[in-house]
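An overview of the molecular structure
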Amino acid sequence: MTKPTVALAADHAGFELKDLLRDELKSAGYPILDLGTNSSQSVDYPDFGRKLAEAVANGEAALGVVVCGTGIGISIAANRVPGCRAALCHDTTTARLARQHNDANVLALGARTTGVETAKDCLKTFLETAFEGGRHARRVAKLGAPA
Ligand code: RB5
């Protein structure tokens, strides 16, 4: 089965975890869209959150992963783009429910708050869990309604 393209973006606090997850995804056969950043030089997380959310919203990638120090700033930035549903996850339970109930299309992680093995588990769970639809579809549709 064809695997979905996964976009990744991070700020300077998240780029190492982003690169590690990118390599995991590559090994697992996912097509990758790496939107940076690619060094520890200081950058602004809103720029990378927005870039990634636009790539997911316009269909360049089916799913995305954003990483900053906490995952908070970059997920806030991503969620400002219509069509992006970024979920900050800390464990496999939140990663699973983000897909099952919220149809999240972007996984947000904190490189300074979440360990590498937990982050890898979150990513695997996020990618392998389907949206449940049903009553959740009505609620997710409301998320996309104009404010
Ligand atoms: C950068 O130092 C840090 O503020 C950023 O990575 C993130 O944690 C913001 O939410």
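Just so it is clear, the structure is predicted and the values come from calculations on it, not from any experiment.

Here is what the cut-offs are and how they apply
Per-chain numbering applies: the sequence of each chain, read as written, is numbered from 1 onward. Residue-level local features of this predicted model are given only where pLDDT is at least 70; pairs of side-chain atoms are given and counted only at 80 or more, and the full residue set underlies all totals for whole chains, interfaces and linings. Calculated side-chain values reflect all of the structure's heavy atoms, with hydrogen atoms and water omitted. A side-chain nitrogen of Lys or Arg and a carboxyl oxygen of Asp or Glu constitute a salt bridge if their distance falls within 4 Å. A run of H or I in DSSP counts as a helix once it spans at least four residues, and a run of E counts as a strand once it spans at least two, with each numbered from the N terminus. When a residue's accessible area, from a 1.4 Å probe over protein chains only, is under 20% of the maximum for its type it is buried; when over 50% it is exposed; and in between it is partly exposed. The pairing criterion for strands is at least two bridges between them, as found by DSSP. We call a residue near a given molecule or strand whenever any one of its heavy atoms falls within 4 Å of it. In protein, a polar contact requires one atom able to donate a hydrogen and another able to accept it; more generally it is a pair of N or O atoms within 3.5 Å, and residues adjacent in sequence count only if both atoms are side-chain atoms. Reported accessibility uses the Shrake-Rupley method at a 1.4 Å probe radius. Residues are deemed covered only where the shown protein chains occlude them. Note that Gly is not counted as nonpolar here; it falls among the polar residues with everything else outside the nonpolar set of Ala, Val, Leu, Ile, Met, Phe, Trp, Tyr, Cys and Pro and the charged set of Asp, Glu, Lys and Arg.

Glancing now at the pattern of salt bridges. Pairing is possible between side chains that carry opposite charge, provided their charged atoms lie close to one another. As enumerated under the stated definition, the model contains 10 salt bridges in all. The closest approach of N and O atoms between R22 and D19, which form a salt bridge, is 3.3 Å. In this pair, R22 and D19 are both assigned in helix α1 (residues 15-27), three residues apart and thus about one turn of the helix distant. A single burial state applies to R22 and to D19, both of which are buried. D103 is the salt-bridge partner of R85, the closest N and O atoms lying 3.3 Å from each other. Taken as a pair, R85 in the loop between α3 (72-78) and β4 (86-88) and D103 in the loop between α4 (92-100) and β5 (106-110) lie far apart in primary sequence, 18 residues in all. Bridged by salt links that share partners, the residues K18, D19, R22, D23 and D34 form one connected network.

Let us now look at the pairing of strand β1 (residues 6-10). Counted residue by residue, β1 has five buried out of five residues, so it is predominantly covered. Residues of β1 alternate between two faces, with V6, L8 and A10 on one and A7 and A9 on the opposite face, all of them buried. Strand direction decides the pairing type here: β1 and strand β2 (residues 32-34), joined by three bridges, are parallel. Bridging from a neighbouring strand, V6 pairs with I32 of β2. Here five bridges tie β1 to strand β3 (residues 63-68), and the two strands are oriented parallel to one another.

The next thing to look at is the site of the ligand. Neighbouring the ligand are the residues D11, H12, A13, Y45, C68, G69, T70, G73 and R112. In this structure, D11 approaches the ligand through a side-chain N or O atom, which is 2.6 Å from an oxygen atom. Burial of the ligand by the protein chains amounts to 71% of its free accessible area of 290 Å². The residue makeup of the shell around the ligand, split by class, is three nonpolar, four polar and two charged.

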